[in-house]
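Geometric and topological summary
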Amino acid sequence: MAQNPLQPTALPPITKPTLITTPTPSTSTLLSNLPSLADQRPTPYPPPMPITSAAILAIGDELVLGQTVDTNTAWIAQRLAARGIMANLHLTVPDDHHAIRDAFLQAADTAPWVIVTGGLGPTADDLTRFALAEAMGVDLVEDADALSTLKTWFEGRGKPMPQRNRVQAMIPRTASALPNPVGTAPGIHAKLNNAQVFVMPGVPRELFAIYQERVEPTIVAASGGNILMTRKINTFGVGESAIGETLSDLMTRDANPTIGTTVSGGVVSVRIRASGTRHDDVVCLLSTAQKQVETRLCALVYGLDDTLLQDATIALLREKNMTVATAESCTGGMISASLTDVAGSSAVFLGGFVTYANDRKINDLAIDEDTLSNHGAVSAAVARAMAQGARQRTGADIAIATTGIAGPEGGTPDKPVGTVWFGLATPSESCAYHAKLRGDRAMIRNRSKMIALQLIRFATMGEDPAQMDWLTADSAVVK
């Protein structure tokens, strides 16, 4: 019977055997004349020093080919970080025996902990156990407890265990099986060189169960009480390079906390990572760094962590007890849709107009036909008039309008694809702002929506929209 991997025993020094270089045997060959698993099989044990780093290995053709998004690695990295362990290597490899073996060896040479998902099924392309055994220089043996659990699992469903599933009870000699409470494939806990290796199925439900019940307790014991915490400050309106220049003296890589930036969809997020052994000290480090960042970036900051721009916009309007309306042409209702995605938006969002055709601009927003004829639909004058019309029709405190050329057709030398005008009407004035945006139709429309949301925030706070890199203010302001 295999020993409990969470109650380790001391091991004598291990000399690494010569690596197996023979081709992967067939399942039938492996299952014939299997050696029995000795009760005294050595059990891997956590290293005595606190662990602060790990490597994550994800296995599967579907991941390499982009057919499946690897959410498992992100989940594991977050769980490790919560215990003060930084995942400093992520590897994704196909269902190839030699590629998996080499990935095991690389990961074990990189970090003292290796967390692996995928390739533990019963089919011919599930090669993880074979590759791990070769990397360790040992053979595979059948775990009696794992086999018994497999049979019980199938019996509980009223059918016999298929012979091909028996391979799932095979693990490298000197390794231990990790029971799977929600599926057929047990995990594996092994030692490879100086690294502790935990292998789990790629099915998220099974991964979560094994990790939380069997792996995480071991990690908690080995992390030495180290704490790693992160915070993300989201900004919109300027590029990543400008943010980096503003924060350059705070972004020293060997500092604690460390500060870095990432960008997605025009949102530049400032990431703060702090570590320590006392929770209050780590929180203090994070809060101090957050205050420094927010002080420098001011109104460009709209929220923390998973906060969306529309969430922040609605929250600010509610805080200021102000209302908003929209008038959209090129964005086709995207702004109002984003606002109404937020629970409680009915308290501040009065309504919106989608006036794609010029007739609708005239009839719904009372825009003068001469304004359209003299300036064109995509112009400062029409953007201002749209915002004014929306505000007058709804009685909102603020109204935002968009009119532009999202493409791929419709551009001219004077007004190329990506030309967008934004109208902003408040109780004191009506203004227009111009942007020349790049990308395909979807990108231009989405960026226009984001700019409009930030314009609403700026108007609510009394901030100058010219802070945004993409905007140029029209000289004409209607009081």
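Criteria and thresholds
Residues numbered from 1 in each chain as written. Predicted model: local features only at pLDDT ≥ 70, side-chain atom pairs only at ≥ 80, totals over all residues. Heavy atoms only, no water. Helix = DSSP H or I, 4+ residues; strand = E, 2+ residues; numbered from the N terminus. Buried < 20%, exposed > 50% of the residue type's maximum accessible area, 1.4 Å probe, protein only. Contact = heavy atoms within 4.5 Å. Areas by Shrake-Rupley, 256 points an atom, 1.4 Å probe, with all protein chains shown as cover. Pairing = 2+ DSSP bridges. Axes fitted to C-alpha atoms, helices over the stretch in contact; angles between N-to-C directions. pLDDT = per-residue confidence, 0-100. Parallel < 35°, antiparallel > 145°, perpendicular 65-115°, else oblique. Left-handed = near helix turned anticlockwise from the far one by under 90°. Nonpolar A, V, L, I, M, F, W, Y, C, P; charged D, E, K, R; others polar. Patch = residues over 30% accessible without salt bridge, like charges linked within 9 Å, V, L, I, M, F, W, Y side chains within 5 Å. Salt bridge = Lys/Arg side-chain N within 4 Å of Asp/Glu carboxyl O. Lys, Arg positive; Asp, Glu negative; His and termini not counted. Charge placed at Lys NZ, Arg CZ, Asp CG, Glu CD.

1. Quick word on the overall build of the chain
- Secondary structure summary: the chain contains 15 helices and 18 strands in total.
- Looking at the 479 residues of the chain, the share that counts as buried comes to 50%.
- Here the analysis covers contacts within the chain between residues at least 6 apart in sequence; of these, 71% occur between residues at least 24 apart.
- When the accessible area of the chain is evaluated, it comes to approximately 21700 Å², of which 50% is carbon and sulfur surface.

2. Here we look at the sheet that holds strand 14 (residues 349-354)
- If you trace the six strands from one edge of the open sheet to the other, you get 14-13-15-16-17-18, paired in mixed fashion. Taken across any chain shown, the strands that pair with only one partner, and hence form the sheet edges, are strand 14 and strand 18 (472-473).
- Sheet topology note: the strand 13 (residues 324-328)/strand 14 ladder contains five bridges and is parallel. Counterpart to Val 324 in the pairing with strand 14 is Phe 349.
- Strand contacts of helix 15 (residues 441-461): strand 13, strand 15 (398-404), strand 16 (419-425) and strand 17 (430-436), with the helix running at about 25 degrees to strand 16, the strand carrying the most contacts.

3. A short note on unusual backbone geometry
- The linkage connecting Asn 256 with the following residue, Pro 257, adopts the cis geometry, with an omega of 10 degrees.
- Residue placement: Pro 257 occurs in the loop between helix 8 (240-246) and strand 10 (258-264).
- For the peptide bond that leads from Gly 407 to Pro 408, omega is 5 degrees, which places it in the cis range.
- Take Pro 408: it is sitting in the loop between strand 15 and strand 16.
- Positive phi, close to 80 degrees, is recorded for Thr 174, a residue that is not glycine.
- Looking at the secondary structure, you find Thr 174 in the loop between strand 5 (170-172) and strand 6 (176-178).
- Given the relative accessible area of 30%, Thr 174 is considered partly exposed.

4. So, the confidence of the model for the chain
- Per-residue confidence for the chain gives a mean pLDDT of 90, with 89% of residues at or over 70.
- Confidence over residues 1-24 falls short of pLDDT 50; this stretch has 50 contacts with residues more than four positions distant or in other chains.
- Scored below 50 in pLDDT, residues 30-48 makes 59 contacts in the model with residues more than four places away or belonging to other chains.

5. Describing the packing of helix 12 (residues 358-365) against helix 14 (residues 380-394)
- At a minimum axis separation of 9 Å, helix 12 and helix 14 run at an interaxial angle of 40 degrees. If you check the angle between helix 12 and helix 14, you find them oblique. In the crossing of helix 12 with helix 14, the sense of the turn from one axis to the other is left-handed. Each of Lys 361, Asn 363, Asp 364 and Leu 365 in helix 12 lies in contact with helix 14, whose residues at this interface are Val 382, Met 386, Gly 389, Ala 390 and Arg 393.
- Broken down by class, the residue content of the contact of helix 12 with helix 14 amounts to four nonpolar, two polar and three charged.

6. Let's talk about the pairing of strand 9 (residues 227-236)
- Most of strand 9 sits out of view: seven of its ten residues are buried.
- In terms of strand pairing, strand 9 meets strand 11 (residues 267-276) through ten bridges, oriented antiparallel. Across the sheet, residue Thr 230 finds its bridge partner in strand 11, namely Arg 273.
- As paired elements, strand 9 and strand 12 (residues 301-304) share three bridges and run antiparallel to each other.

7. So, a negative patch on the surface
- Taken together, Asp 61, Glu 62, Asp 96 and Asp 125 make up a surface patch of like negative charges.
- Considering the arrangement of structural elements, one finds Glu 62 in helix 2 (residues 61-64).
- Accessibility expressed as a relative area gives 31% for Glu 62, which makes it partly exposed.

8. Quick notes on the pattern of salt bridges
- In total, this model carries nine salt bridges according to the counting rule given.
- For Glu 142, the salt bridge identified is with Arg 166, shortest N-O distance 2.6 Å. One end of the pair, Glu 142, is in strand 4 (residues 140-142); the other, Arg 166, is in the loop between helix 6 (144-155) and strand 5, and 24 residues separate them in sequence.
- A relative accessible area of 13% means that Glu 142 is categorised as buried.
- When salt bridges with common partners are traced through the structure, they connect Arg 101, Asp 102 and Glu 134 into a single cluster.

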